[in-house]
Amino acid sequence: MWLKPDEILLKNAFKLWVTEEDNKYFVLQRRRGYGEGGGGLTGLLVGTLDTVLDSTSKVAPYRILHHTPDSQVYWSIACGVTKEEIVQHWDWLQQTIMRTLSVFDSSEDITSFVQGKIRGLIAEEGKTSLVLEEDPEKFREALLRFEKWFELPPKEKLVTYYSCSYWKGKVPCQGWLYLSTNFMCFYSYLLGAEVKLIISWDEIWRLEKTSNVILTESIHVLVHGEDHYFSMLMHLNETFVIMEQLADYSIKRLFDKEAFQREPALSDPLQITKRGLEAHAKSEQFRTFFRLPKEENLLEVHESFLWVPFSHFNTLGKICLSESYLCFASQDGSQCHVIIPMREVINVEKPDSGNRALTVCVRGKRALRFSEVRDYQRLANSIRSRCGISASPQHSASSQVTCFTFYLCRCKDSSKAVSTEALMTVFHPQDVENLDPKMLKEKMKEQSWNIHFSEYGRGTSMFFTRKTRDLIVRGVPEALRGELWMLFSGAVNDMATHPGYYSDLVEQSLGTSTLATDEIERDLHRSLPEHPAFQSDTGISALRRVLTAYAYRNPKIGYCQAMNILTSVLLLYAKEEEAFWLLVAVCERMLPDYFNRRIIGALVDQAVFEDLIREHLPQLVENMTDLSFFSSVSLSWFLTLFISVLPIESAVNVVDCFFYDGIKAILQLGLAVLDYNMGALISCHDDAEAVTILNKFFDSVTNKDSPLPSTVQQASVGSNDKTSHLNVDISELIREAYEKYGNIRSEEIESSRKRNKLHVIQTLEDTTKQNVIRVVTQEVRFSASHLDGLYNLFKRQHFLCCYWTMKSPALLHHDPSLAYLEQYQLGFQQFSVLFSLLEPWAFCNVKSAVSLWVFRLIDENQDGLVNFKEFCYALDTLYTSHLNDTKTDEYLYVKLTGRGKVDLQAYLKQWQNEILKKEETIKDLPRINQTQFIQFSKTLYNIFHGDPEEESLYRAVAHVTSLLLRMEEVGRRLQEPSSPSESTKPDAGTDLTEIEWSFSFEQVLASLLNEPTVVRFFERPVDVQTKLGQARVSQLKT
């Protein structure tokens, strides 16, 4: 590898380097301790220095230096891991550079020319692979060490590296931590003690920052029950974030592809860089905080002051700019932020260049004034260019209105008209003249919000402040609920940028019949059945259209239970199209991975909930050691946002908080519920009693301010027992949740989500493995521990073909919803590699045709893929059976002769059906012809090659072949006519080699059993555990 020319003093390296070759201008050196004469104390000291020091020129065992005769200064220009690599560079210098140097007169010119040439070569090499790295030269050096020490496939992409200590027991080992796309690697070499660690990201169960008495700060990695600790990191937080991102990236790509396909920035594993991961993380935080669509990426960040008109002062914060949005968030604790869609911007003015200010004018005669913007000119130009991508704002707005009207009209003409009113408006219109106390309080709430709108704005460019949250906690008025849900969730932006999209989906999905539509029809009448809106065709039809349209939009989610309950509540307060976009926001942004086949998101948040219980309710933890009960009982809380356990008039208040604060509001309320019932839960004798207590509590929750009539409000399930429970007002419960647990930060929840997601995914994977092993154990003779090791190898082989490409057939075929045995399967290429590592004949050629015939044999459905059970069946036959075992004999016979698949399958079925009826040896296997017999002999020679008894085995094969031919000849003579004239006068023109001959299975088996050497070879016991260990070591190198 060519190196950026670096000046060194040769006199300091006499004891570390040995000169192999030199000439007038270049020197090729070998490092002491490497190659011939290496080892000993010198080798130990040099190896230790190589690990500790951060310079490839000091680490690589070979290097080339440039010098001039009249100078004592040397320049390192190349290094190499192997002698072949460095000799290639040396030869190039000899053939290309040496002739050119003779034309220069001065040493300075020669050195300048050589340095420029080497830099040009480095730049040419770095045009493709290293162009995105921050320091390409230093990264090339680290990449060389990474490839040398770990010997991973060349396609593996190194992302970054750090110096750190790895704790092996109670002793720290100083070395280097390398983070690549698929692996976390560590290397240390201190005084002869080498420590090498390679961990796949998909094997990690837990990744977290920890601290204790010995380690002030460290990173803890849990893999298959083993703890690994890394400390002494100069940039621990940065290292941890990169590790967290790579682990999450691996989980999404290999296990949870439903979510990963929405991540185009990480689609190519060969292009992942540290800079790219950091940019992706910032964009993800940006989208989550401002509730923006997945397509938005953070492009620019500017620190500035924003004039806040309602407070009459400038607040310090950051301007965040994406493709379609201008956002601002304060940093002074005022919790003020604002989101401005570019479509709403009508002008950008620069009134005062002295204080670097600009004013953004938006629709509705509003303006936002930013000051002290360092690069205000660039920001103004960026906003203008993005607003000018489409037509003028006035034209754009009119086109949207026209388009939207067109879709509504077209939909109204159809038989399935889209509802344009919220169901609550239709089934419970407000009585303006009603002046009862509840309606008066409702009017006061509306007045409070109208005052808020006048001060803070209304619509997409409204300021979000602490006062906004306070109003939310008190309860949202019925008339404003749909509007505010749309605004807080970000669904208002989705709907504005996709005019007519929902109407199109409704039209396209009409009449479709899928598994999702069948499930939707089954659950339609189970969605708030007590509410009048869903006792009529109007509500049921609207619910059907929204759920079917979403299943059509997102077939990977389709329809999951609990979506019907959530959508029913959305339809009560939002128009049909608005309810659809609210459902999109919930399923795809606010509750990621909740509504898929394995409800991973809900399981992760339950684990987060358990962590919060341990932190905030220690008294409950002390008295209830098993917190899994709370996970099981709270699943419906998370999936339905408490709608399934609370009366509808109380549940909508919870939904208000959810759309403003996200999952944080649900977690807070869950803690408040447990805290309220702490005493009763502690005194419980079993889980059933605890469930009863919680159910009675939820039945007692009321909404004293709800203006809904009794016909709309839900009746309590346990109304007869309500005397034993005091009524709890939902507003008070929510207020208490915010007061006690409002200090829980959203960033902490997101961090806990990432940490627990690894454990949840691995727990699901481990359950899958145990189920597979339970099934396979009944079919083979391997022990459970051996099957566990085989499964891990099989699964890793499946992933190996997925690590470096997104278009792997195995990756595309993987579907967690399939039966356990079908989730991981291998194609022929992956199978042949793994089979070569595990086959009992250690000296068999990897490229042997044996693996092809075995693959054809066990691929029963001929789809080009084999599952774990089929793979184990083949190995079990080869490992644990004997040559005189009929079943094994037939298996080997067909495998070694390379027979076609169809006859074998027909035979196996016949053998299975008749095995109880026929106790004698089956003699109806097809005979092998000349071509198959020759292939049979070649295969035996190939298997025996390299064996310690190779010569004896070859002689045995020759004996078997000779014996079979003689038997065939004798058989032919016995079948010839007995007439002397015919037997004594053979046809002179007959060529004996053209005579068709064949052998039966019994003849082949009898001949093989007649050779003790062959019998010993095939019945040689196999140490399965050793074989599995060797395969684990070699699997990544194949």
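Residues numbered from 1 in each chain as written. Predicted model: local features only at pLDDT ≥ 70, side-chain atom pairs only at ≥ 80, totals over all residues. Heavy atoms only, no water.

Named according to an unreviewed UniProt entry, the chain is TBC1 domain family member 8B originating from Cyclopterus lumpus. For the record of the chain, the UniProt heading Subcellular location (unreviewed entry) holds the text "Cytoplasm, Cytosol". (UniProt positions renumbered as here; feature names shortened; annotations may be inferred.)

1. Quick notes on the pairing of strand S5 (residues 73-80)
With respect to burial, S5 is a largely interior element, seven of its eight residues being buried. Of the strand pairs in this sheet, strand S4 (residues 62-66) and S5 are connected by five bridges, and their pairing is antiparallel. The residue of S5 that forms the bridge with Ile64 is Ala78. Between S4 and S5, which pair antiparallel in sequence order, lie six residues. (Buried < 20%, exposed > 50% of the residue type's maximum accessible area, 1.4 Å probe, protein only. Helix = DSSP H or I, 4+ residues; strand = E, 2+ residues; numbered from the N terminus. Pairing = 2+ DSSP bridges.)

2. Some words on the side chain of Arg287
Relative to the helices and strands, Arg287 is located in helix H8 (residues 274-290). Under the relative-accessibility criterion, Arg287 is labelled buried at 8%. Here the side chain of Arg287 touches Glu296 through a polar contact of 2.7 Å, landing on its backbone oxygen. For Arg287, the residues in contact, after removing those within four places along its chain, are His280, Leu292, Pro293, Lys294, Glu296 and Asn297. (Polar contact = N/O pair within 3.5 Å; in protein donor to acceptor, adjacent residues only side chain to side chain. Contact = heavy atoms within 4.5 Å.)

3. What to know about the sheet that holds strand S19 (residues 366-371)
Within a sheet, neighbouring strands are paired by backbone hydrogen bonds and run either parallel or antiparallel to one another. In spatial order, the strands read S17-S18-S19-S13-S14-S15-S16-S20; together these eight strands make up an open sheet with antiparallel pairing. Because the sheet does not close on itself, it has two edges, and the strands there are strand S17 (345-349) and strand S20 (463-464). Each of strand S14 (313-321), strand S15 (325-330) and strand S16 (337-341) is contacted by H8, which is oriented at about 80° to S15, the strand it contacts most. (Axes fitted to C-alpha atoms, helices over the stretch in contact; angles between N-to-C directions.)

4. Considering unusual backbone geometry
For Met232, which is not a glycine, the phi torsion comes out positive at approximately 60°. For Met232, the location among the structural elements is in the loop between strand S12 (226-231) and helix H6 (236-254). At Arg291, a position not held by glycine, the phi torsion is positive, near 55°. As for its placement among the helices and strands, Arg291 is situated in the loop between H8 and strand S13 (300-308). The class of Arg291 is buried, set by a relative accessible area of 15%.

5. Concerning the pattern of salt bridges
Once their charged atoms are close, side chains differing in charge can pair, the charge on each being opposite to the other. For the structure shown, the criterion picks out 41 salt bridges. As a salt-bridge pair, Arg796 and Glu203 come within 2.9 Å of each other at their nearest N and O atoms. Here the residue Arg796 occupies a position in helix H30 (residues 784-800), and Glu203 occupies one in the loop between strand S9 (193-200) and strand S10 (204-210), the gap between them amounting to 593 residues. For the pair shown, Arg796 and Glu203 are each scored as buried. (Salt bridge = Lys/Arg side-chain N within 4 Å of Asp/Glu carboxyl O.)

6. Some points on the sheet that holds strand S6 (residues 158-168)
Here seven strands make up an open sheet; going across it, the order is S9-S8-S7-S6-S12-S11-S10 and the pairing antiparallel. At either end of the open sheet lies a strand with only one pairing partner, and these are S9 and S10. Neighbour-to-neighbour, the strand axes of this sheet turn through a mean angle of 30°, independent of strand direction. One ladder, built from six bridges, connects strand S11 (residues 218-223) with S12; its direction is antiparallel. If you follow Leu222 over to S12, its bridge partner there is Asp227.

7. Considering a negative patch on the surface
Negative charge collects at one region of the surface, where Asp70, Asp105, Glu108 and Asp109 lie side by side. Summarising the element assignment, Glu108 is placed in helix H4 (residues 107-125). A relative accessible area of 58% means that Glu108 is categorised as exposed. (Patch = residues over 30% accessible without salt bridge, like charges linked within 9 Å, V, L, I, M, F, W, Y side chains within 5 Å. Areas by Shrake-Rupley, 256 points an atom, 1.4 Å probe, with all protein chains shown as cover. Lys, Arg positive; Asp, Glu negative; His and termini not counted. Charge placed at Lys NZ, Arg CZ, Asp CG, Glu CD.)

8. Topic: the confidence of the model for the chain
With 79% of its residues at a pLDDT of at least 70, the chain reaches an overall mean of 79. Low confidence marks residues 715-724, where pLDDT is under 50. Its contacts with residues over four positions away, or in another chain, come to eight contacts. Long-range and interchain partners of residues 988-992, a stretch whose pLDDT sits below 50, account for one contact in this model, where long-range means more than four residues apart. (pLDDT = per-residue confidence, 0-100.)

9. What to know about the packing of aromatic side chains
With the rule as written, the count across this model stands at 51 aromatic pairs. Residues Phe629 and Phe630 carry aromatic rings whose centres are separated by 5.2 Å and whose planes lie at 65° to one another, so their mutual orientation is edge-to-face. Taking the centre distance of 5.3 Å and the plane angle of 25° together, the rings of Trp637 and Phe642 count as stacked. Judged by its relative accessible area of 2%, Trp637 is buried. The residue whose ring lies beneath Arg63 is Trp17, and the NZ or CZ to ring-centre distance is 4.0 Å. (Phe/Tyr/Trp six-rings, centres within 6.5 Å; stacked < 30°, edge-to-face > 60°. Lys NZ or Arg CZ within 6 Å of the ring centre and 35° of its normal.)

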